[in-house]
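# Structure assessment
Here are the chains, one letter per residue:
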Amino acid sequence: MRILLVEDDAMLADGIRAGLKLANYAVDWVRDGDAARLALLDHAYQACVLDLGLPRRGGLSVLEELRGRGSQLPVLILTARDTSADKIAGLDAGADDYLTKPFDLPELQARLRALLRRAGGAAVPTLTHAGVVLDPASKRVTHNGQPVTLSAREYTLLHDLLRHKTHIRSRGQLEESLYAWGEETGSNTVEVYIHNLRRKLGADFIRTIRGLGYQLRDSA
Ligand code: CA
């Protein structure tokens, strides 16, 4: 799950990145509106946390441009601007949620989970497929009712596949959801995590679609 964080306060950004990383998100950070615009054009994100007061180009302008080109990307505004008029302007410009500073990290995480499950087309908090249940709030995974222990990367990969369970996910798409900028990516790490997931969830849980990528098996 890859998130773009747009925040010009470096200390605050560090705290948010650390917190979101612990929640298994890959976080790309930019500190001005122009860089945000370029990042949003160039990369596939699952959500964006957007400050409003930014150098070069304000957050509202970034958001308006994003919606202007039809993007459905979930956007959460995170700002010190706390008047009702600011919130209305942000939501009407196309934000999906609005959180004011100071804020609690657990609340930001919960709001992101809500945005992401809505974006995935589901209001129910857990993701289920063929006996496997993943709960994004607790990060617990069960298989036929039994708890399954996954590494952070295995969990992220499984979460991605469950969110797109009717789609084939290419290796590149899976890598994008696993790694932020500058993170070391081994040459066949996706294959390794898929192998581990098959070992833990059953050999046929994930199908390899030759030349295209991976897909969850049909639900029985
Ligand atoms: Ca700011």
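In what follows, the structure referred to is the one given above.
What comes next is a walk through the structure.

Parameters and conventions
- Every chain's residues receive numbers from 1 upward, in the order its sequence appears when written.
- Note on the predicted model: pLDDT of at least 70 is required for a residue's local features to be given, and 80 or more for side-chain atom pairs to be given and counted; whole-chain, interface and lining totals, by contrast, use all residues.
- Hydrogens and water molecules were not included; the side-chain quantities draw on all heavy atoms of the structure.
- The donor set comprises N, O and S atoms within 2.8 Å of the metal, extended to 3.2 Å for Na, K and Ca; water molecules are omitted, so apparent gaps in a site may simply reflect that omission.
- Burial status follows relative accessibility: with a 1.4 Å probe on protein chains alone, a residue under 20% of its type maximum counts as buried, one over 50% as exposed, and anything between as partly exposed.
- When DSSP finds two or more bridges between a pair of strands, those strands are recorded as paired.
- Under the DSSP-based scheme used, a helix requires at least four consecutive residues in state H or I and a strand at least two consecutive residues in state E, with every element numbered from the N terminus.
- Only the stretch in contact is used when fitting a helix axis, every axis being a line fitted to C-alpha atoms; angles between N-to-C directions are given from 0 to 180 degrees.
- We call two residues in contact whenever any of their non-hydrogen atoms come within 4.5 Å of each other.
- Any carboxyl oxygen of Asp or Glu within 4 Å of a side-chain nitrogen of Lys or Arg constitutes a salt bridge here.
- Here, the term nonpolar core denotes a set of buried Ala, Val, Leu, Ile, Met, Phe, Trp, Tyr and Cys residues that are joined through side-chain atoms within 4.5 Å.

A separate point is the coordination of the calcium ion. All of the protein donors around the calcium ion are D8 (OD), D51 (OD) and G53 (O); their distances to the metal are 2.2 to 2.4 Å. Each donor residue of the calcium ion lies on one chain, and together they are spaced D-x42-D-x1-G. G53 gets classed as partly exposed once you look at its relative accessible area, which sits at 30%.

The four strands lie next to each other as β6-β7-β8-β9, forming an open sheet whose pairing is antiparallel. Because the sheet does not close on itself, it has two edges, and the strands there are β6 (127-129) and β9 (146-148). Each strand of the sheet is rotated relative to its neighbour by a mean of 25°, with strand direction disregarded. As paired elements, strand β7 (residues 132-135) and strand β8 (residues 140-143) share four bridges and run antiparallel to each other. Residue pairing across strands places D135 opposite R140, the latter belonging to β8. With respect to the sheet, helix α6 (residues 152-163) is in contact with β6, β7 and β8, its orientation differing from that of β7 by roughly 110°.

In the structure shown here, the tally under the stated rule is 19 salt bridges. A salt bridge links D34 to R57; the nearest nitrogen and oxygen atoms lie 3.3 Å apart. Of the two residues, D34 sits in helix α2 (residues 33-42) while R57 sits in the loop between β3 (47-50) and α3 (59-68), which places them 23 residues apart along the sequence. Look at R57 and you get partly exposed, because its relative accessible area is 22%. The salt bridge partner of E175 is R171, with a shortest N-O separation of 3.6 Å.

Looking now at the nonpolar core. V141, L158, F205 and I206 are the most contacted members of the largest nonpolar core, which has 24 residues in total. Counting only elements with at least two residues in this core, the list comes to β7, α6, α7 (171-178), α8 (189-201) and β11 (213-216). In contact with F205, not counting residues within four places along its chain, are H129, A130, V132, L158, Q215, L216 and R217.

Read these as layout, nothing more, since geometry by itself doesn't imply function.
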